[in-house]
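Observations on the model geometry
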Amino acid sequence: MSFYTSLTGLNSAASQLSVTSNNIANVGTSGFKRSRADFGDIFSTSPLQKSSSNVGQGVLLKQVTQEFTQGNISTSGNSLDLAITGDGFFTLKTPEGLQDVYTRNGTFTLNDQNNVVNATGQRLMAASVDSSGKADLTNLNVLTIPPKTIGEAVETTKIQLGLNLPADSAVINADFDRTKPSTYNKSTALTVYDSGGNGYLASVYYVKTESPSIESPFAKWQTYFFVGDTEVKPALQQATDVLGSQLFVNKYGDVLPKGDPRVVPSSGTTEMFSLDQLTDVRASESATALGSPLTAANFTGGALQNVTGPLTFDINVDGDALARTITLDLQATDANPQVLATRLETAINNLLASSADTPDNAATLDVNEFKKNARYGVTVNFDPATASFSIASGTTGDTSSIAITGANAKAIDLMGLAPSANLTVVASTSEALRGKPSEPAVLRGEALTINSTKSVAITSANKDFLISVDGIAAAISLPFPTTYTNIDAFTTALQDRINAIVDPDTGRKISGVTVGFDTQTKQLSFSTATTGNDAAIQVSGSAEWGLANTEMQFGATTDWKKLTQFTQNGAPQYVKNGIQTEDVAGLSDTTEWWPVYLDRGELTFDLAGRAVSPLTSLPFETTFLQGGKGALTMSIDLTKSTQYSTPFAVLSQSQNGAPEGELMGLNIGPDGLVNATYSNGSQASLGKIVLANFSSPSGLRQVGDASYLADASSGAAKIGEAGSAGFGSVRAGATERANVDLTQELVDLITAQRNFQANAKAIETSSTMTSAIINIRS
């Protein structure tokens, strides 16, 4: 019996040697966990036997268990090498995807399908994540590292170029040919991308077409844009202001942004106007009635003949409700036509300025019939070259009008006022003919030094004023001592006194001057009724009125610009729904504000080298790529470009397209979050490596390659995020070494060896005793 007992000892010692040898053999295996042999003694007895007298029957190997203690961490150069510090196992799927496998061996690589796998092809599992990196533990997938992005290519739509174009560049008049460098000044190139991420070489050529001059103080450059060998035509571009608001023009050439309340954008088909062609600047004109040239019988030797008797005609100016009859008793001095013109001008203005206003009818509450009938500033001139008189309204622009009728024989003979179409000029309500109303002369004093909120007193120190209006000068005084109840009463008295001034030489009255007071600034203001460059006013007085340091102020004759419709190859151009066309169908006849456009592809700089236009990106028409690869619609922003007297330079260059990105880097965080960085600048969270843990890890079933299967002894796998409760963290670029202690294993090896030797000796002793028994019989 002892023979068999010793045999179980030999077997146990051999098992111990095997376990120890296995541990030593796997000391270099990543993630390997040391095995331990657990033994139990064999003891059998029956219920009727006395156990104290029974002898044990040997030893039995109960189980081989793994010790899941932490192994040392060693770093590596592979970002896919992973180590777990703490509890947990990597979750893997077998190549066929049918079985879950668990391991601490984090040596991974990519297979041909870009899956993260170990040496046996088992694939690492990861949870899907949202944009914040939160994992969905119910949705586990094989961790895949795409070598390039998919669907992240961005089509180029905007190009930004900041250049300095040399101011001293020569103007080139030759036709542009990109194959001939002599036909352009400079060029730039960059890569643009289609929607699939394919790159194309784009080239921009710059041709200086105009240098600054007195007539046009701007430098102009024309751009030519090519993608590959295909020229991309510039698109129609509406001019904008510095804030990017689209510009519109009215019939007088006034250019205003869309946001201005006066602008009512047009609709339908409209005439096309170019901003660069708004150059026909004209001075606004009065409505002028032209008399017929005088005959030799009435004008001889520079003198008018038969200048006796009354000269009479009717005049209607600027839409006056009534024609006013002018009567002038001729004098001998009127033989001089210039004298006659001056006397007649005085008579007309004195009469028209005295026309009473039409009052409002109190019985019609919903209608205001008030109308100012006074007219000012009519001029009469004689042209010796044509021997003809002309009478012009006192206002300018298309709202001005004049009609001369009812002339007597003397007016016909001496002034050529016989009925004629030239004696009637009506207001123009649609077409721009004479421009806009001109501006009066306006004078503003300094702030009053007296209290203007109470009564106003006239004293000897402030009663005197010096007045000059349209060449008529006089010194006036307000009566004193006088106290006006308020400042308005004072301004009314001063206004009446000014308008009562009469030129002693010509008899012409000052009329229509208005005097006002600004309660905010405490300033007096004076405005003439006449307008244009000839209108002038100066009022001097006491410093109490803020009039001690005034200067002569002048009116202004307004300018306007005659619109000329844009033509191309001799054909007038129109715009319909933003598209240039020659089709006039649908042309609106009620348009008051037209979109104004820039010349296609043109850059304009002022004398300081700043970009004047365009102030937004240059749009280009859609270009179709060769090989049917799609189309590109792009714009080029050149607003940061300059024209200085320095060499050509590319100050900035960018475009908003991007190809598909190539994998540039991989980052795996301690929580297992996998982030990939690509060459196009994009980053992607590919998933979060999850860990599994078990209620009894020692119950896992070994399957080799430091891998395990779950069974009933280990319990079901619990999946969680690295770093959370019950789970260790993940360290990238490192592996976990085997937790085998060689010193301990060598000691165990010696122990197993001695155990084996002792049991062998016991068998040898049993054999000797058996031989002795056999020999007794012999």
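Here, the structure is the one placed above.
In short, a report on the structure. (Residues numbered from 1 in each chain as written. Predicted model: local features only at pLDDT ≥ 70, side-chain atom pairs only at ≥ 80, totals over all residues. Heavy atoms only, no water.)

1. Concerning the overall build of the chain
Keep this limit in mind: Comment: elements are numbered from the N terminus, with helices defined as DSSP H or I runs of at least four residues and strands as E runs of at least two. As a reference, a globule follows 2.2 Å times the number of residues to the power 0.38, and the radius of gyration itself is taken over C-alpha atoms. Partly exposed residues are those whose accessible area sits between 20% and 50% of the maximum for their type, while under 20% is buried and over 50% is exposed, using a 1.4 Å probe and protein chains only. Between two residues, a contact is recorded if the distance between any of their heavy atoms is within 4.5 Å. Values of accessible area rely on a 1.4 Å probe in the Shrake-Rupley scheme; residue burial ignores everything except the protein chains shown. Residues scored as charged are limited to Lys and Arg (positive) and Asp and Glu (negative), so that His and the chain ends carry no count. For the purpose of locating charges, the reference atoms are NZ of Lys, CZ of Arg, CG of Asp and CD of Glu.
When its secondary structure is counted, the chain shows five helices and 59 strands. Over its C-alpha atoms the chain spans a radius of gyration of 53 Å, topping by over 25% the 28 Å that the globule rule assigns to 778 residues. For the chain, the C-alpha atoms occupy an extent of roughly 195 × 75 × 55 Å along the three principal directions. When burial is assessed residue by residue, the chain has 42% of its 778 residues classed as buried. For the chain, the share of sequence-separated contacts (at least 6 apart) that also reach a separation of at least 24 residues comes to 64%. In the form shown here, the chain has an accessible surface area of approximately 38800 Å², with 52% of it arising from carbon and sulfur atoms. Treating the 51 positive side-chain charges of the chain as one cloud and the 74 negative ones as another, the clouds have centres 11 Å apart.

2. What about the sheet that holds strand 51 (residues 649-655)?
To keep things clear, this is the line we draw: Paired strands, in this sense, are two strands between which DSSP finds at least two bridges.
Taken in spatial order, the four strands make up an open sheet running 47-50-11-51, and their pairing is mixed. Pairing within the sheet leaves two strands with one partner each, and these edge strands are strand 47 (618-619) and strand 51. Two elements, strand 11 (residues 158-164) and strand 50 (residues 635-637), share three bridges in a ladder whose sense is parallel. The residue of strand 50 that forms the bridge with Lys158 is Ser635.

3. Quick notes on helix 4 (residues 487-498)
What counts here: By this rule the span expected of a helix is its residue count minus one, scaled by 1.5 Å. Throughout this description, a polar contact denotes any pair of N or O atoms lying within 3.5 Å of each other; where both atoms belong to protein, one of them has to be capable of donating a hydrogen while the other can accept it, and for residues adjacent in sequence the pair is counted only when both atoms sit in side chains.
The end-to-end C-alpha separation of helix 4 is 17 Å, in line with the 16 Å expected for twelve residues at 1.5 Å each. Looking at the buried side of helix 4, the elements it contacts are strand 31 (456-458), strand 32 (464-469), strand 33 (472-477), strand 34 (482-484), strand 35 (514-518) and strand 36 (523-531). You can read the cap of helix 4 off the contacts: a side-chain oxygen lies 3.1 Å from the backbone nitrogen of Asp488, and it is on Asn486.

4. Some points on the sheet that holds strand 33
Defined as follows: Each axis is a line fitted through C-alpha atoms, and for a helix only the stretch in contact is used; angles between axes span 0 to 180 degrees, taken between their N-to-C directions.
Spatially, 33-32-37-38 is the arrangement adopted by the four strands of the open sheet, whose pairing is antiparallel. Edge positions in the open sheet fall to strand 33 and strand 38 (553-554), since each of these has one partner strand only. The sheet contact formed by strand 32 and strand 37 (residues 536-540) spans four bridges and is antiparallel. Counterpart to Val469 in the pairing with strand 37 is Ile537. Here helix 4 sits on the sheet and contacts strand 32 and strand 33; the angle it forms with strand 33, its principal contact strand, is near 135°.

5. Details of the packing of aromatic side chains
Quick note on the threshold: Aromatic pairing here means that ring centres of Phe, Tyr or Trp (its six-membered ring) are within 6.5 Å. Orientation follows from the plane angle: under 30 degrees is stacked, over 60 is edge-to-face, and everything else is tilted. A ring has a charge above it when a Lys NZ or an Arg CZ is no more than 6 Å from the ring centre and no more than 35 degrees off the ring normal.
According to the stated counting rule, one finds 20 aromatic pairs in the structure shown. Look at Phe176 and Tyr224: their rings are 4.0 Å apart centre to centre, the planes differ by 5°, and that puts the pair in the stacked class. Taken as a pair, Phe176 in the loop between strand 11 and strand 12 (186-193) and Tyr224 in strand 14 (residues 219-227) lie far apart in primary sequence, 48 residues in all. Both rings, one in Tyr252 and one in Trp560, keep their centres 6.1 Å apart while their planes meet at 80°; by these two values the pair is edge-to-face. On the criterion of sequence distance, the pair formed by Tyr252 in the loop between strand 16 (247-249) and strand 17 (255-257) and Trp560 in strand 39 (residues 559-561) is long-range, its members being 308 residues apart. Classification of Tyr252 as buried rests on a relative accessible area of 14%. Under the relative-accessibility criterion, Trp560 is labelled buried at 2%. Among the aromatic residues, those joined into a ring-pair cluster are Phe68, Phe89, Tyr102, Phe694 and Tyr708. The ring of Phe226 is capped by Arg178, whose NZ or CZ atom sits 4.3 Å from the centre of that ring.

Any link to function would need more than the numbers given here.
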